[in-house]
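Residue strings, one per chain:
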Amino acid sequence: MGKVILPPSKIGIIGGGQLGRMMAIAARQMGYRIAVLEPGVDSPLGQIADTELNHAYDDQIALKLLLEKADVVTYEFENVPYKAVRKLGPLGYLPQGEMPLVITSHRLREKLAIEEAGYNVAPFLAVMSKDELRYAVKRIGYPCILKTSSGGYDGKGQWVLRSDDDLPEVLTIADDNEYVLEGFVNFTKEVSVIVTRSTNGEVQAFPVTENEHVNQILHVSIAPARISDALRVEAESVARGLIEKLDFVGTLAIEMFVTDDGLVINELAPRPHNSGHWTIDGCNVNQFEQHIRAVCGLPLVKPEVRGHAIMVNLLGQHVDDALSAWQKPEFSDGKLHLYGKEELKRDRKVGHINFVGDEWGALEAKVDRFLDGLPE
């Protein structure tokens, strides 16, 4: 049983990006104060934090200072150096510990942990040399995808291999890093489940979300997902079972493929997730408040969808057109969330907009019209 951390206590967050910002907004509404450790000045979270420490994530002095200033510490993404977090255990209160980072920051460890828990993943083999890559390709076959074991996201650090013609490019890098070669999964839909586990052991899962990607970046999330009741029950059962078997505290996002043979887990993230942003406006509790409740030892809220919700990701190239559309009466009920990023870079996530409605057909048609006005 973990501690109960009540407002106006201070919550420390490692990482100052948009996920940390939205955690902080939820926490502030509940009456908490916020400290952040983030190398960059004026980060999305730093703009609204009470205390901003601008140091590297593995700076032991800065991490110790964060622990001294905060009553509880969490992290906003999985690439926080777990070895640095491990050293902090005796110095403060980090209810999640380092294990979610150890597992989810490394694709091979992640896949092995999922398999050990009894759930399905795509066929995979570890690759650490040219010879191992050639062997893995022969075993798994084409098409397949080579991924860095750590550090990649939104399609970065990934190479699709469709034939022997694609091999020469990746053979040049095969000796430089750790990789995982995955077989393609023949899926009909991509879905995700956000599940939260409190320090007191309570578990709550958000409704299954359906996700559509463009250029390997999340484009649209639809909730609840357009899947059968049986599949919905199965996906939520997988999410609840996995977070308990992994013994994680806080939020776990689980991306899954829907196939003719059942669900296949694609990736995990030990924190709120892009595909759960719809919960801010489309649910009685959002994923960020639920995460704060979990690490603070508070009761979790059973999530309930308000009709139907569609989240549209806004990339750097979308913002000007999205703002123009948002001023029109047809789209003015969309709930706009911009993250305070200084540069609107192409293909960089800089915000999202949520549309919520009771009638699915009308909501879908409106979002389609909104999307038609955005550049590719």
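All of the points below concern the structure found in this document. By convention here, each chain's residues receive numbers from 1 onward along its written sequence. A pLDDT threshold of at least 70 governs which residues receive local features in this predicted model, and a stricter bar of 80 or more applies before side-chain atom pairs are shown or counted, although totals over entire chains, interfaces and linings include all residues. The side-chain figures draw on all heavy atoms in the structure; neither hydrogens nor water molecules are used.

Thoughts on the sheet that holds strand E2 (residues 33-37)
Move 1: Two strands qualify as a pair provided that DSSP identifies no fewer than 2 bridges between them. Runs of H or I in DSSP of at least four residues are treated as helices and runs of E of at least two as strands, each being numbered from the N terminus. In spatial order, the strands read E3-E2-E1-E4; together these 4 strands make up an open sheet with parallel pairing. The open sheet has two free edges, formed respectively by strand E3 (51-53) and strand E4 (72-75), since each of these has just one partner strand. Within the sheet, the average angular offset between the axes of one strand and its neighbour, ignoring direction, is 20 degrees.
Move 2: The sheet contact formed by strand E1 (residues 10-14) and E2 spans 5 bridges and is parallel. For helices, the fitted axis covers only the stretch in contact; all axes are lines through C-alpha atoms, and the angles between them, taken along N-to-C directions, range from 0 to 180 degrees.

Some words on empty space enclosed by the protein
Move 1: Here a cavity means grid points, on a 1 Å grid over the protein atoms only, where a 1.4 Å probe fits yet cannot get out; a pocket means an open set of points with protein on both sides within 12 Å along at least five of seven lines; lining residues are those with an atom within 4 Å of a point. Grid points are joined across faces, edges and corners, and a volume is the space filled by probe spheres set on the points. Counted under the stated rule, the structure contains 1 cavity of 30 Å³ or more.
Move 2: Space inside the largest cavity adds up to approximately 50 Å³.
Move 3: Taken together, Glu-190, Val-191, Asn-211, His-213, Leu-218, Glu-255, Met-256, Phe-257, Asn-266, His-273 and Ser-275 make up the lining of the largest cavity.
Move 4: At the level of elements, strand E9 (189-197), strand E11 (209-214) and strand E13 (250-259) are the ones that each hand at least two residues to the lining of the largest cavity.
Move 5: Under the convention adopted here, Pro, Cys and the residues Ala, Val, Leu, Ile, Met, Phe, Trp and Tyr are nonpolar, Asp, Glu, Lys and Arg are charged, and Gly plus all remaining residues are polar. Among the residues making up the lining of the largest cavity, the classes are represented as 4 nonpolar, 5 polar and 2 charged.

Looking at the pattern of salt bridges
Move 1: Just to be clear on terms, a salt bridge is a Lys or Arg side-chain nitrogen sitting within 4 Å of an Asp or Glu carboxyl oxygen. Evaluation of the coordinates by the stated rule reveals 18 salt bridges.
Move 2: When the shortest N-O distance is used, the salt bridge between Arg-271 and Glu-78 registers 2.9 Å. Highlighted residues: Arg-271 in the loop between strand E14 (262-269) and helix H9 (279-282) and Glu-78 in the loop between E4 and helix H3 (82-88), separated in sequence by 193 residues.
Move 3: A residue is classified by how much of its surface remains accessible, and Arg-271, at 14% relative accessible area, is buried.
Move 4: For Glu-210, the salt bridge identified is with Arg-226, shortest N-O distance 2.8 Å. Partly exposed residues are those whose accessible area sits between 20% and 50% of the maximum for their type, while under 20% is buried and over 50% is exposed, using a 1.4 Å probe and protein chains only.

Topic: the pairing of E14
For a regular strand, side chains alternate in direction, first toward one face of the sheet and then toward the other.
Move 1: Counting buried positions along E14 yields 7 of 8 residues, so the element is predominantly enclosed.
Move 2: Pairing of E13 with E14 involves 7 bridges; the strand directions are antiparallel. Note that in E14 the partner of Ala-253 across the bridge is Ala-269.
Move 3: Following E13, the chain reverses through 2 residues before pairing antiparallel with E14.

What about the packing of helix H1 (residues 18-30) against helix H10 (residues 287-295)?
Move 1: Where H1 meets H10, the axes come as close as 8 Å, and the angle between the chain directions of the two elements is 70 degrees. Looking at the two axes, H1 sits roughly perpendicular to H10. Facing Leu-19, Met-22, Met-23, Ala-26, Ala-27 and Met-30 of H1, the residues of H10 in contact are Phe-288, Glu-289, His-291, Ile-292 and Arg-293. Any angle that falls under 35 degrees is termed roughly parallel, while one over 145 is termed roughly antiparallel, one within 65 to 115 roughly perpendicular, and all others oblique. Any two residues having at least one pair of non-hydrogen atoms within 4.5 Å are treated as being in contact.

As for the packing of aromatic side chains
Move 1: Any two rings among Phe, Tyr and Trp, with Trp reduced to its six-membered ring, count as a pair given centres within 6.5 Å; such a pair is stacked if its planes are under 30 degrees apart, edge-to-face if over 60, and tilted if neither. Here the structure, examined in full by the defined rule, presents 6 aromatic pairs.
Move 2: Here the aromatic rings of Phe-187 and Phe-257 are separated by 4.6 Å at their centres, their planes lie at 15 degrees, and the arrangement is stacked. Taken as a pair, Phe-187 in the loop between strand E8 (179-183) and E9 and Phe-257 in strand E13 lie far apart in primary sequence, 70 residues in all.
Move 3: Phe-187 gets classed as partly exposed once you look at its relative accessible area, which sits at 35%.

Observations regarding helix H12 (residues 360-372)
Move 1: Helix span, as expected, comes to 1.5 Å for every residue beyond the first. The end-to-end C-alpha distance of H12, which contains 13 residues, comes to 18 Å, matching closely the 18 Å that a straight helix rising 1.5 Å per residue would cover.
Move 2: Against the buried residues of H12 lie strand E12 (217-223), strand E15 (308-315), helix H11 (319-326) and strand E17 (349-357).
Move 3: Its side-chain oxygen at 3.1 Å from the backbone nitrogen of Gly-361, Glu-359 defines the N-terminal cap of H12. In protein, a polar contact means a hydrogen-donor-capable atom and an acceptor-capable atom, both N or O and within 3.5 Å, with residues adjacent in sequence counting only if both atoms are side-chain atoms; elsewhere, any N or O pair within 3.5 Å suffices.

Here we look at helix H2 (residues 60-69)
Move 1: Of all the positions in H2, only Ala-62, Leu-63, Leu-66 and Leu-67 are classed as buried. Buried residues along H2 cover an arc of 140 degrees about the axis, so they all sit on one side. Looking at H2, the residues exposed on the side facing more than 90 degrees away from the buried face are Ile-61 and Glu-68.
Move 2: Along its buried surface, H2 packs onto E1, E2, E3, E4 and H3.
Move 3: Measuring from the backbone nitrogen of Ile-61 back to the side-chain oxygen at the start of H2 gives 3.1 Å, which picks out Asp-59 as the cap. Summarising the geometry, the arc corresponds to the directions from the helix axis toward the C-beta atoms.

Describing the sheet that holds strand E6 (residues 144-148)
Move 1: Pairing in this open sheet of 4 strands is antiparallel, and the strands run E5-E8-E6-E7 from one edge to the other. Because the sheet does not close on itself, it has two edges, and the strands there are strand E5 (124-127) and strand E7 (158-161). Put simply, the sheet's adjacent strands are angled 20 degrees from each other on average, direction ignored.
Move 2: In this structure, E6 lies alongside E8, joined through 5 bridges in antiparallel fashion. In the strand pairing of E8, Leu-146 is matched with Leu-181.
Move 3: Each of E5, E6, E7 and E8 touches helix H5 (residues 107-117); the most contacted strand, E5, lies at about 145 degrees to it.
Move 4: Each of E5, E6, E7 and E8 is contacted by helix H6 (residues 130-140), which is oriented at about 170 degrees to E5, the strand it contacts most.

A closer look at unusual backbone geometry
Move 1: Cis geometry is adopted by the peptide bond preceding Pro-8, which originates at Pro-7 and carries an omega value of 5 degrees.
Move 2: Along the chain, Pro-8 turns up in the segment before E1.
Move 3: Here Tyr-142 and Pro-143 are connected by a cis peptide whose omega angle stands at -5 degrees.
Move 4: The topology assignment puts Pro-143 in the loop between H6 and E6.

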